[in-house]
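Here's the letter readout for the chains.
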Amino acid sequence: EGLADRSSKLAVKWSLSEFINMIELRGQTWSFAELGHNAGFCLPPSDDFYFYSILDGQVRIAGISEEPVELTTGEIVFILSSEAHALRVNGSDPVTTFRFLADGEYRDAPLHSTFGTGMASARLLCGRLKVRWPGSQRPSGLPALLR
């Protein structure tokens, strides 16, 4: 089943493969993040995508689905939802806004960010990608995340 371009009076249908080939992702907003045993960070709502690659440890993502999503070493997730969300080592850890990712600053090399104190319980590669949709409209029915 094709995807229709709602911004045009003529309905244009694309196959999924054609649609994916037309999506443009841009970004140089990326950072290594270390989370102490009592730490986490949050991000406000955004039309951009976020991705997290768990390099070491385990984290929970809350705010994207009804239940927190747990990720461990070697897993990667893309947040496609435009909702605010938080990453924590433990479910009750305090969070602070990850200002660098929230602001979408560009860097040629990844920033190194630390949240919490003590030895790192989790290490991640985090990034923000700007999306240009075919027809300039975000399609409805996208999953909240891709794992």
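Only a predicted model underlies this, so the values are computations on that prediction, with no experimental measurement involved.

To continue, consider the pattern of salt bridges. The final tally for this structure, using the stated rule, is five salt bridges. The residue D48 makes a salt bridge to K130 at a minimum N-O spacing of 3.4 Å. Taken together, the residues span a long stretch of sequence, with D48 in the loop between β4 (40-43) and β5 (49-56) and K130 in strand β12 (residues 120-132) at a distance of 82 residues. D48 sits in the buried class, given a relative accessible area of 10%. Of the charged contacts, one joins E75 and R147 as a salt bridge, the two residues approaching to 3.2 Å between their closest N and O atoms. One end of the pair, E75, is in the loop between β7 (69-72) and β8 (76-79); the other, R147, is in the segment after β13 (145-146), and 72 residues separate them in sequence. Linked by salt bridges that have partners in common, D48, R128 and K130 make up one network.

This paragraph deals with the packing of aromatic side chains. According to the stated counting rule, one finds five aromatic pairs in the structure shown. On the basis of an interplanar angle of 50° and a centroid distance of 6.1 Å, the ring pair of F41 and Y52 is categorised as tilted. Separated by 11 residues along the polypeptide, F41 in strand β4 and Y52 in strand β5 bring together distant segments of the chain. Overall, F41 belongs to the buried group, its relative accessible area being 0%. Ring geometry for F41 and F98: centres 4.9 Å apart, planes at 75°, overall edge-to-face. In this pair, F41 is assigned in strand β4 and F98 in the loop between β10 (96-97) and α2 (99-103), connecting sequence segments 57 residues apart. For the pair shown, F41 and F98 are each scored as buried.

The rules behind these values
Residues numbered from 1 in each chain as written. Predicted model: local features only at pLDDT ≥ 70, side-chain atom pairs only at ≥ 80, totals over all residues. Heavy atoms only, no water. Salt bridge = Lys/Arg side-chain N within 4 Å of Asp/Glu carboxyl O. Helix = DSSP H or I, 4+ residues; strand = E, 2+ residues; numbered from the N terminus. Buried < 20%, exposed > 50% of the residue type's maximum accessible area, 1.4 Å probe, protein only. Phe/Tyr/Trp six-rings, centres within 6.5 Å; stacked < 30°, edge-to-face > 60°.

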